[in-house]
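Close look at the chain arrangement
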Amino acid sequence: MPHLAEYGALFAAAFLSATLFPFQSEAVLFAMLVADHYPWWLLVLVASVGNILGSVVNWYLGRFFAHFEDRPWFPVKRKQMARAEAWYHRYGRWTLLLSWTPIIGDPLTIVAGVMREPLRVFIPLVALAKTGRYLAVAALSLGWV
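Anyway, here's the lowdown on the structure attached to this text. (Residues numbered from 1 in each chain as written. Predicted model: local features only at pLDDT ≥ 70, side-chain atom pairs only at ≥ 80, totals over all residues. Heavy atoms only, no water.)

What the rule picks out here adds up to three salt bridges. Between Arg133 and Glu26 there is a salt bridge whose closest N-O contact spans 3.3 Å. With Arg133 in helix H6 (residues 119–141) and Glu26 in helix H2 (residues 25–35), the pair connects residues that are 107 residues apart, well separated along the chain. Given the relative accessible area of 13%, Arg133 is considered buried. Overall, the relative accessible area of 21% leaves Glu26 in the partly exposed class. Taking the shortest distance from any N to any O, the salt bridge between Glu117 and Arg93 comes out at 2.8 Å. Taken together, the positions of Glu117 in the loop between helix H5 (105–114) and H6 and Arg93 in the loop between helix H4 (78–91) and H5 put the pair 24 residues apart, joining distant regions of the chain. Taking relative accessible area as the criterion, Glu117 reaches 6% and is therefore assigned buried. (Salt bridge = Lys/Arg side-chain N within 4 Å of Asp/Glu carboxyl O. Helix = DSSP H or I, 4+ residues; strand = E, 2+ residues; numbered from the N terminus. Buried < 20%, exposed > 50% of the residue type's maximum accessible area, 1.4 Å probe, protein only.)

Rendered as structure tokens:
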């Protein structure tokens, strides 16, 4: 497949941006879309899969590493986690449709793991949100809107 390295870079950018690392996959996707060397649907697919898998990593982090929250190195303080859990209890699994949003989206996927949201529910909701975001970036980048 031509341009395999570029697709790999897009996948990595999307994967990293779904984790707690600050990264902008939308900028990479935008640049590749306007370069007009790649099929738009394949770029959206690669970015979506990378971002969804990054969110699954967050889910596992929440699911299996939450018992380390009393350790000083743990990245989220108990007060922040309690607030996120309360919000998740109040609004439920549908909050995962906000997983595409900056700042709150990635922590939501971790909280879903802490709250033991089943992957069979988690993945479709996150996939819808993440793919929708990349379709919106494509639509704006390519002048469809």
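Time to look at unusual backbone geometry. The phi torsion at Ile103 lies on the positive side, around 70 degrees, for a residue other than glycine. By secondary structure assignment, the location of Ile103 is in the loop between H4 and H5. The residue Arg116 is not glycine, and still its phi comes out positive at about 60 degrees. Examined against the element boundaries, Arg116 turns out to sit in the loop between H5 and H6.

Going through the model one piece at a time under the given rule, you end up with seven aromatic pairs. Relative to Tyr38, the ring of Tyr7 has its centre 5.6 Å away and its plane inclined at 75 degrees; by these criteria the two rings are edge-to-face. Remark: Tyr38 occurs in the loop between H2 and helix H3 (40–65) and Tyr7 occurs in helix H1 (residues 4–18); sequence separation between them is 31 residues. Since its relative accessible area comes to 7%, Tyr7 is described here as buried. Here the aromatic cluster, defined as three or more aromatic residues joined through ring pairs, consists of Trp59, Tyr60, Phe64 and Phe122. Looking at Arg133, its charged tip hangs above the ring of Tyr134, at a distance of 4.5 Å from the centre. (Phe/Tyr/Trp six-rings, centres within 6.5 Å; stacked < 30°, edge-to-face > 60°. Lys NZ or Arg CZ within 6 Å of the ring centre and 35° of its normal.)

Let's shift gears to the side chain of Arg133. Here Glu26 takes part through its side chain, which lies 3.3 Å from a polar atom of the side chain of Arg133. There is a polar contact of 3.0 Å between the side chain of Arg133 and the backbone oxygen of Trp100. Discounting chain neighbours no more than four positions away, the residues touching Arg133 are Glu26, Asn51 and Trp100. (Polar contact = N/O pair within 3.5 Å; in protein donor to acceptor, adjacent residues only side chain to side chain. Contact = heavy atoms within 4.5 Å.)

Bear in mind that shape data such as this cannot, by itself, settle questions of function.
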